[in-house]
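Residues per chain are reported as follows:
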Amino acid sequence: MDIGLISVRYARALFKSAADAKIEDAVYAEMQQLAKSYADVPQLRSTIDNPMLPKAQKEALLLTAVGSEPTGLTKTFIGFVLKENRENVMQFIANSYVTLYRQEKNIIRGRLTTAARVSPDTEQKMRQMVESKTNGTVEFETEVNPDIIGGFVLEYDTYRMDASVKSKLNSILNTLKK
């Protein structure tokens, strides 16, 4: 069976259980943290996939990767995944849950990149602008990148607005080359 199909099925089951228990937001935060742990610590995947590592140690590692105090549902779910010998798809399950949650809650990811740190008011105005255009909630990340020199780059969904000084200078340079 396909890893993508398996992970989506497990994620759907987890989401339904979390929604029934009215803790889907907490489980969402835990699955985000688990996915981040897999991304930040590449050795986690190979360690969890190691057949020589006892299930109890795998469970302890996964629960640590989830965060400080996992919900009972997450603890039970991780135990179930290990019992079914599906730990090799745990990273994909976490990512599938995050995607499913965002679809169900109409959450759009957005990113604002600026040359210098912006005020919380400016960040909030940008978030509200994106929310008004998408009719959804926006999970907003801000990033400081001095390489863009000035201005900003706003990305959300499939939209990208590049109002950076660097892109304007590159545009002028390309025009002069012609």
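Our subject is the structure listed above.
Quantities reported herein were computed from a predicted structural model and do not represent experimental measurements.

*Asks:* Mind showing me how you'd approach unusual backbone geometry here?
*Replies:* Positive phi, close to 55°, is recorded for asparagine 135, a residue that is not glycine. For asparagine 135, the location among the structural elements is in the loop between α7 (120-134) and β2 (137-144). Positive phi, normally seen in glycine, also occurs at isoleucine 149, with a value near 70°. Its place among the elements puts isoleucine 149 in the loop between β2 and β3 (151-156). A residue is classified by how much of its surface remains accessible, and isoleucine 149, at 52% relative accessible area, is exposed.

*Asks:* Mind showing me how you'd approach the pairing of β3 here?
*Replies:* Remember that side chains alternate between the two faces of the sheet whenever the strand is regular. Across 5 bridges, strand β1 (residues 107-114) lies against β3 in antiparallel orientation. The partner of glycine 110 across the bridge, within β3, is tyrosine 156. Note: β3 against strand β4 (residues 159-164), 6 bridges, orientation antiparallel. Paired with glutamate 155 across the two strands is arginine 160, which belongs to β4. Hairpin remark: β3 followed by β4, antiparallel, with 2 residues in the connecting loop; positive phi at aspartate 157, about 50°.

*Asks:* Just checking my understanding: could you explain the nonpolar core for this structure?
*Replies:* Generally speaking, a soluble globular protein has its nonpolar side chains buried in company with each other. Met31, Leu34, Leu62, Met90 and Tyr97 are the most contacted members of the largest nonpolar core, which has 31 residues in total. Broken down by secondary-structure element, the contributors of at least two residues to this core are α1 (3-20), α2 (24-40), α3 (43-49), α4 (55-66), α5 (72-83) and α6 (90-105). It is α6 that provides the largest number of residues to this core, a total of 7 residues. When sequence neighbours within four positions are dropped, the list of residues in contact with leucine 62 reads Leu34, Tyr38, Ile48, Ile78, Leu82 and Met90. Residues Ile108, Met126, Leu154 and Tyr156 belong to the second largest nonpolar core, which totals 8 residues.

*Asks:* Before we go on, may I ask you to explain the packing of aromatic side chains in this structure?
*Replies:* Where two aromatic rings form a pair, the distance of their centres and the angle of their planes describe that pair. Taken as a whole and assessed by the stated rule, the structure comprises 7 aromatic pairs. Taken together, a centroid distance of 6.4 Å and an interplanar angle of 75° make the contact between phenylalanine 15 and tyrosine 101 edge-to-face. With phenylalanine 15 in helix α1 and tyrosine 101 in helix α6, the pair connects residues that are 86 residues apart, well separated along the chain. Each residue in the set Phe15, Tyr28, Tyr97 and Tyr101 is aromatic and connected to the rest through ring pairs, giving one cluster.

*Asks:* Teacher, can you tell me more about the pattern of salt bridges here?
*Replies:* Pairing is possible between side chains that carry opposite charge, provided their charged atoms lie close to one another. Evaluation of the coordinates by the stated rule reveals 15 salt bridges. Taking the shortest distance from any N to any O, the salt bridge between lysine 16 and aspartate 20 comes out at 3.2 Å. With lysine 16 and aspartate 20 both in helix α1, this residue pair falls 4 residues apart, about one helical turn. Comparing lysine 16 with aspartate 20, the two get one shared label, exposed. As a salt-bridge pair, glutamate 139 and arginine 102 come within 3.0 Å of each other at their nearest N and O atoms. Of the two residues, glutamate 139 sits in strand β2 while arginine 102 sits in helix α6, which places them 37 residues apart along the sequence. A single network of salt bridges, built from pairs that share partners, joins Arg109, Arg111, Glu141 and Glu143.

*Asks:* For this particular structure, what's the right way to read α5?
*Replies:* For an α-helix, 3.6 residues make a turn, and residues three or four places apart therefore share a direction. Between the first and last C-alpha of α5 there are 16 Å, a value that for 12 residues agrees with the 16 Å anticipated at 1.5 Å per step. The complete set of buried residues in α5 reads Thr74, Phe77, Ile78, Val81 and Leu82. Along the axis of α5, the buried residues cluster in a sector spanning 135°; they form a single face. Turned more than 90 degrees off the buried face of α5, the exposed positions are Thr76 and Lys83. Buried residues along α5 sit in contact with α1, α2, α4 and α6. Backbone geometry just downstream of α5 places asparagine 85 in the positive-phi region, at approximately 60°.

Reading the values: rules and limits
Residues numbered from 1 in each chain as written. Predicted model: local features only at pLDDT ≥ 70, side-chain atom pairs only at ≥ 80, totals over all residues. Heavy atoms only, no water. Helix = DSSP H or I, 4+ residues; strand = E, 2+ residues; numbered from the N terminus. Buried < 20%, exposed > 50% of the residue type's maximum accessible area, 1.4 Å probe, protein only. Pairing = 2+ DSSP bridges. Core = buried A, V, L, I, M, F, W, Y, C linked by side-chain atoms within 4.5 Å. Contact = heavy atoms within 4.5 Å. Phe/Tyr/Trp six-rings, centres within 6.5 Å; stacked < 30°, edge-to-face > 60°. Salt bridge = Lys/Arg side-chain N within 4 Å of Asp/Glu carboxyl O. Expected span 1.5 Å × (residues − 1). Arc of directions from axis to C-beta.

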